[in-house]
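# Structural features, examined
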Amino acid sequence: MSKKDYYEILGVEKGASQDEIKKAFRKLAHQYHPDKNKGDDSKFKEANEAYQTLSDEKKRAQYDQFGQSFPGGAGGFDPSAAGFGGFDFSGFQNANGFDMGDLGDIFSDFFNGGMGGRQQARRGRDISTELTIPFADSIFGTVRKILITKTSTCSDCSGTGGKPGAKQASCSQCNGKGQVRETRRSLLGTFTTTRECDVCHGAGTIPSETCANCKGVGVKRQEEEIEIRIPAGIESGEMIRLTGKGEAVRKGTAGDLYIKINVTADKHFRRERDNLLMDMEVKLSEALLGAERTIETLDGAVTIAIPEGIASGTQLRVKEKGVPNNRGKRGDLLVRVTVKIPTKLSKKATEAAKILSEEGI
C-alpha cells in the first residue's frame, strides 16, 4: 500500500495549527462529500482519514514520527512487498485438488485479522444534510433541532438485538468464543484463519429472545431528532460535524453527521469578517449641520451622532456591535452614510442654496 502524506492530502504545511487543519478539512468535506452532485467518495474518505489523525495531537505526534505504520494508524500489510504483488492466481485450475482462485481471500484473512489478529472495527456511514438559518442566528449562535431518517441504534434494546430483560445464551456457532476458525488448503499449504462469528458478531453470546422492534438486528432505520448547537459567528457554507450521529451499525461505531449551514441574506446588514456593515441615508441639512439619528442594530436601537459637514460615503463606527469571534470579542458595526440630494427645491430652499453658492459652499 502506498504511503499517504496526510498533510499533502489536506493541503497544509507540516507545522499547521489545529485551526488550519480543521478549516482545510471543512473545505474538502464540503467539496468531496458523496451526497453532493459532484462529490468524490474516495477523496472524501481520504480527507477524513487524514483529519482523524492530524486533529488528534497524540496520533499526529505518532504519525510525524512513524508515518502510517504507527499503532492505530491506517498503514497495513502490503502484499506486493512480500513478493505477491502483480501475480494473478485466478488462472490456475485445481491441479492438485487446491482452489487457487481464492488465494487472495486467504492472504486477506491472514494479514487482516487472521491468526488471532485484531479485527477492524465496524463503522457506520457518514451522512450529511443542510440547514438554513436567519442572519441574526449566524451572528449570535443558536440551537436547532432537526429530524433525520437514518439507521440508528434500536431504542428498545440499545443495540443488543435482544428483547429487553432477555437472558444471554452461549452462541452455538462459535461455542461462546466470539470467533470461528476456518481451515483452507492451497498450493502453498494449509492455512488456518480466524474470523469474527457472524451470528453473535464477536460477543460470544446471543439473546434468548430477539427484540421485536429491530428483529434482532440491533439497529433500525427510523426518524431521529438531533440537536445542533450552531456557534456564534458561523459563516454561510461552513460545516458542523456531529461525531457519532451518522449511520449506526451493530456492534460498531456510528458514522458522523455533517451539517452544511446556509445563512439567509439580511436586508439591512452585510458581513465583512468580524464587522457588520449597513447603509444610512441622511438629509442634506443633516450632513451640513450635523444631527443625531437612532438606528436599529442586531442588539436593538442605538443613537449615533452625525458630525456636521460629513461627506457621502463616510463610515461611522459603532464599537462592539459586530460579529463575535473566537477570541471572546466582537467586531464593530460600520454605518456608511449616503447624503440624499433633493431633486426639487422650494423657493425658500433655492434662495438658501444661492446664498451657499455665493459663499463658495
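Everything that follows concerns the structure shown earlier in this document.
The paragraphs below set out a description of the structure included in this document. Values in this document were obtained by computation on a predicted structure and should not be read as measured data.

Another aspect to go through is helix 3 (residues 41–54). For an α-helix the count is 3.6 residues per turn, leaving residues at separations of three or four pointing the same way. With 14 residues, helix 3 extends 20 Å from end C-alpha to end C-alpha; this agrees with the ideal 20 Å at 1.5 Å per step. Burial in helix 3 covers these residues: Phe-44, Ala-47, Asn-48, Ala-50, Tyr-51, Thr-53 and Leu-54. Contact partners of the buried residues in helix 3: helix 1 (6–10), helix 2 (18–32), helix 4 (57–66), strand 8 (239–242) and strand 9 (257–263).

The mixed open sheet is built from three strands, whose spatial order is 1-9-8. Each edge of the open sheet is held by one strand with a lone partner, namely strand 1 (127–133) and strand 8. Shown here is a sheet whose adjacent strand axes are inclined to one another by a mean of 25°, direction ignored. Where strand 8 meets strand 9, four bridges bridge the pair, whose relative direction is antiparallel. What sits directly across from Arg-241, in strand 9, is Tyr-258.

Residue placement: Thr-297 occurs in strand 12 (residues 291–297). For Thr-297, the side chain forms a polar contact with the main-chain nitrogen of Asp-299, separated by 3.1 Å. Here the side chain of Thr-297 touches Gly-300 through a polar contact of 2.7 Å, landing on its backbone oxygen. Excluding residues that lie within four positions of it along the chain, Thr-297 makes contacts with Phe-269, Val-302 and Leu-333.

What the rule picks out here adds up to five aromatic pairs. With a centroid separation of 4.4 Å and an interplanar angle of 5°, the aromatic rings of Phe-25 and Tyr-51 are classed as stacked. With Phe-25 in helix 2 and Tyr-51 in helix 3, this residue pair connects regions lying 26 residues apart in the sequence. Judged by its relative accessible area of 3%, Phe-25 is buried.

Another aspect to go through is the layout of surface pockets. For the second largest pocket, the calculated volume is near 800 Å³. As for the second largest pocket, its lining consists of 27 residues, and the residues nearest its centre are Asp-19, Lys-23, Arg-26, Gly-233 and Glu-238. Those elements giving two or more residues to the lining of the second largest pocket turn out to be helix 2 and strand 8. If one sorts the elements of the lining of the second largest pocket by residue count, helix 2 sits on top with seven residues.

Moving on, we come to a nonpolar patch on the surface. Taken together, Leu-284, Leu-288, Leu-289, Ile-341, Leu-356 and Ile-361 make up a surface patch of nonpolar side chains, about 580 Å² in accessible area. Looking at the nonpolar patch element by element, the count peaks at three residues for helix 7 (residues 284–289).

Our next topic: the nonpolar core. In this structure, Met-280, Val-282, Ile-295, Ile-304, Leu-316, Leu-333 and Val-335 are the most contacted members of the largest nonpolar core, which totals 20 residues. Of all the secondary structure elements, the ones that give two or more residues to this core are helix 6 (135–140), strand 11 (275–283), strand 13 (300–306), strand 14 (315–318) and strand 15 (333–340). When neighbours within four sequence positions are excluded, Leu-333 is seen to be in contact with Phe-269, Leu-276, Leu-277, Met-278, Ile-295, Thr-297, Leu-316, Arg-317, Val-318, Lys-321 and Gly-322. Residues Leu-10, Tyr-51, Leu-54 and Met-239 belong to the second largest nonpolar core, which totals 19 residues.

For the pair helix 2 and helix 3, interaxial distance at closest approach is 9 Å and the crossing angle is 165°. The angle between helix 2 and helix 3 places the two elements in the roughly antiparallel class. With respect to the hand of their crossing, helix 2 and helix 3 are arranged in left-handed fashion. Along its contact with helix 2, which presents Gln-18, Ile-21, Lys-22, Phe-25, Leu-28, Ala-29 and Tyr-32, the element helix 3 presents Asp-41, Lys-43, Phe-44, Ala-47, Asn-48, Tyr-51 and Leu-54.

The strand order across the open sheet built from four strands is 10-11-15-14, with neighbouring strands paired in mixed fashion. Edge positions in the sheet fall to strand 10 (270–272) and strand 14, since each of these pairs with one other strand and no more. Neighbouring strand axes in the sheet, compared pairwise and without regard to direction, differ in orientation by 35° on average. Pairing of strand 11 with strand 15 involves eight bridges; the strand directions are parallel. Within the sheet, the bridge partner assigned to Met-278 lies in strand 15 and is Val-335.

Parameters and conventions
- The residue count restarts for each chain, going from 1 along the sequence in the order it is written.
- Only residues with pLDDT of 70 or above have their local features reported here, since the model is predicted, and side-chain atom pairs are shown and tallied only from 80 upward, although totals for entire chains, interfaces and linings are computed over all residues.
- Heavy atoms throughout the structure, all of them, feed into the side-chain values; hydrogens and water do not.
- Starting at the N terminus, helices and strands are each numbered in turn, a helix being any DSSP run of H or I of at least four residues and a strand any DSSP run of E of at least two.
- Take the residue count of a helix, subtract one, and multiply by 1.5 Å to get its expected span.
- When accessible area is computed with a 1.4 Å probe and restricted to protein chains, residues below 20% of their type maximum are described as buried, those above 50% as exposed, and intermediate ones as partly exposed.
- For this analysis, residues touch if any pair of their heavy atoms sits within 4.5 Å.
- Note on pairing: DSSP must find at least two bridges between two strands before they are called paired.
- Angles shown run from 0 to 180 degrees and are taken between the N-to-C directions of axes, each axis being a line fitted to C-alpha atoms and, for helices, limited to the stretch in contact.
- In the analysis that follows, any N or O atom pair within 3.5 Å is treated as a polar contact, provided that within protein one partner can donate a hydrogen and the other can accept it, and provided that, for residues neighboring in sequence, both atoms belong to side chains.
- The aromatic pairing rule takes the rings of Phe, Tyr and Trp, using the six-membered ring of Trp, and pairs them if the centres are within 6.5 Å, calling planes under 30 degrees apart stacked, those over 60 edge-to-face and the rest tilted.
- Think of a 1 Å grid over just the protein atoms. A cavity is a set of points where a 1.4 Å probe fits yet cannot get out, a pocket is an open set with protein on both sides within 12 Å along at least five of seven lines, and lining residues have an atom within 4 Å of a point.
- Grid points are joined across faces, edges and corners, and a volume is the space filled by probe spheres set on the points.
- Only residues whose relative accessible area exceeds 30% and that take part in no salt bridge are eligible for patches, with like-charged residues grouped when within 9 Å of each other and nonpolar side chains (Val, Leu, Ile, Met, Phe, Trp, Tyr) grouped when within 5 Å.
- Methods summary: accessible areas were calculated by the Shrake-Rupley approach with a probe of 1.4 Å, and residue burial reflects only the protein chains presented.
- One side-chain nitrogen of Lys or Arg within 4 Å of one carboxyl oxygen of Asp or Glu is enough to make a salt bridge.
- Residue types Ala, Val, Leu, Ile, Met, Phe, Trp, Tyr and Cys, when buried and joined through side-chain atoms within 4.5 Å, form a set referred to as a nonpolar core.
- Any angle from 65 to 115 degrees is called roughly perpendicular, while one under 35 is roughly parallel, one over 145 is roughly antiparallel, and all others are oblique.
- Crossing handedness is read from the near helix: turned anticlockwise from the far helix by less than a right angle, it gives a left-handed crossing, and turned clockwise, a right-handed one.

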